[in-house]
Structures are given as structure tokens and as C-alpha cells.
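Fold and geometry: a report
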Amino acid sequence: MPLSEHEQRMLEQMERALYAEDPKFATALEGSGLRRYTRRRVYQAVAGFLVGIALLMAGMVFQQTWVSVAGFLVMLGCAVLAVTGWRKAPKPGEQQPAGSASGGGGERRHPRQRRSMMNRIEERWQRRRDEQGQ
């Protein structure tokens, strides 16, 4: 659901205020670092999946069951990493939520936690506006 014009203006004001207060923190929240990290993680998982296939096939060729089982487990683990990394990767042109800084473990946050973080930021913003208005 797209934001209304009023909500877009409020968001732009919040972004400008964030850049004015703490430019270093604001640039960390831009998300390019997280996007790069997530993409790299997915590529590594795909490469690991291919290694798992190779182990599975080698175990079958040399009739070593434990190698095949290890290959299957590697494939399974890498598939899980790739899927979770792919789901959490931001879409092109999409802004990152305020709770996910690059390199700060933000990729493990749940959507519910992001929403509450945004609510807290919005409440702080409203309090500052009210204090400045008085």
C-alpha cells in the first residue's frame, strides 16, 4: 500500500532531521551494505549447494554413504541460507527499515520488531514537534 502525500512529506522530514542530527548513522541506514552482504550470502549459499551436489554424487560414485549424507546436509543447509537470505534481501529502490544497520545483525530482525521500531521513532518525532511548537 503506497504512502499518502502527507505520510511521504512526514517521512522526508524525518529523513532530513536524521541526516541533520547524525549523518554517519543515517548513511549506515541506507542499506547498500546490507544489500551487498545479503547478495554475497546468497551467492555463497548457491556455491555451497553446488559443492553439496558434488559431494552427493561423489559419495554415490565411490559408494561411500557418509559422503553422500554429508553432501545432502550441505545442500540442505545452503538451501536454507539461500532462501532466508533471498527473502530478507531488499528490493531494488526499496528503503531499509531504521532497525537494520549494515553489519549490525539487522538481517535477523522480524517484521514485527521493525514496525515497533518505526513506531518508537515516529513517537519521538511527534514529541519533538510538539516540544518545538510550544
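Residues numbered from 1 in each chain as written. Predicted model: local features only at pLDDT ≥ 70, side-chain atom pairs only at ≥ 80, totals over all residues. Heavy atoms only, no water.

**Examining the overall build of the protein chain**
- In terms of regular secondary structure, the protein chain is built from 5 helices and 0 strands.
- The helix and strand sequence of the protein chain, counted from the amino end, reads α-α-α-α-α.
- Taken over 134 residues, the protein chain has a buried fraction of 22%.
- Put simply, of all contacts in the protein chain between residues at least 6 apart along the chain, 56% involve residues at least 24 apart.
- When the accessible area of the protein chain is evaluated, it comes to approximately 10300 Å², of which 58% is carbon and sulfur surface. (Helix = DSSP H or I, 4+ residues; strand = E, 2+ residues; numbered from the N terminus. Buried < 20%, exposed > 50% of the residue type's maximum accessible area, 1.4 Å probe, protein only. Contact = heavy atoms within 4.5 Å. Areas by Shrake-Rupley, 256 points an atom, 1.4 Å probe, with all protein chains shown as cover.)

**Topic: the pattern of salt bridges**
- The tally for this structure, following the rule as stated, stands at 1 salt bridge.
- The partner of Glu21 in a salt bridge is Arg128, and the shortest N-O contact between them spans 2.7 Å. With Glu21 in helix 1 (residues 5–21) and Arg128 in helix 5 (residues 111–133), this residue pair connects regions lying 107 residues apart in the sequence.
- With a relative accessible area of 39%, Arg128 lands in the partly exposed category. (Salt bridge = Lys/Arg side-chain N within 4 Å of Asp/Glu carboxyl O.)

**Structural notes on the side chain of Ser68**
- In this fold, Ser68 is placed in helix 4 (residues 65–88).
- The buried category is assigned to Ser68, whose relative accessible area is 12%.
- Only 3.3 Å separates the side chain of Ser68 from the backbone oxygen of Leu56, close enough to count as a polar contact. (Polar contact = N/O pair within 3.5 Å; in protein donor to acceptor, adjacent residues only side chain to side chain.)

**Thoughts on the environment of Ala82**
- Inspection of the secondary structure puts Ala82 in helix 4.
- What makes Ala82 buried here is its relative accessible area of 16%.
- The spatial distance from the C-alpha of Ala82 to the C-alpha of Ala47 is 10.0 Å, given a sequence separation of 35 residues.

**Brief notes about the UniProt feature "transmembrane region" (unreviewed entry) in the protein chain**
- Residues annotated in UniProt with the feature "transmembrane region" (unreviewed entry) correspond here to residues 42–60 and 66–86.
- Secondary structure within residues 42–60 divides into 100% helix and 0% strand; the distance between the first and last C-alpha atoms comes to 27 Å. (UniProt positions renumbered as here; feature names shortened; annotations may be inferred.)

**Describing a nonpolar patch on the surface**
- A cluster of nonpolar side chains, contributed by Val46, Leu50, Ile53, Met57 and Met60, occupies part of the molecular surface with about 460 Å² of accessible area.
- Along the chain, Val46 falls in helix 3 (residues 32–61). (Patch = residues over 30% accessible without salt bridge, like charges linked within 9 Å, V, L, I, M, F, W, Y side chains within 5 Å.)

**Notes on helix 1**
- For helix 1, built from 17 residues, the straight-helix expectation of 24 Å at 1.5 Å per residue is met to within 8% by its first-to-last C-alpha distance of 24 Å.
- Residues of helix 1 that are buried: Met10, Met14 and Ala17. Looking straight down helix 1, one finds its buried side chains confined to an arc of 65°; they lie on one side. The exposed set on the far side of helix 1, more than 90 degrees from its buried face, consists of Glu5, Arg16 and Ala20. (Expected span 1.5 Å × (residues − 1). Arc of directions from axis to C-beta.)

**Remarks on the environment of Glu122**
- Along the chain, Glu122 falls in helix 5.
- Through-space distance from the C-alpha of Glu122 to that of Met10 is 9.4 Å; in sequence the pair is 112 residues apart.

**What to know about the environment of Leu3**
- Structurally, Leu3 is set in the segment before helix 1.
- Setting aside its immediate chain neighbours within four residues, Leu3 contacts Gln8 and Leu11.

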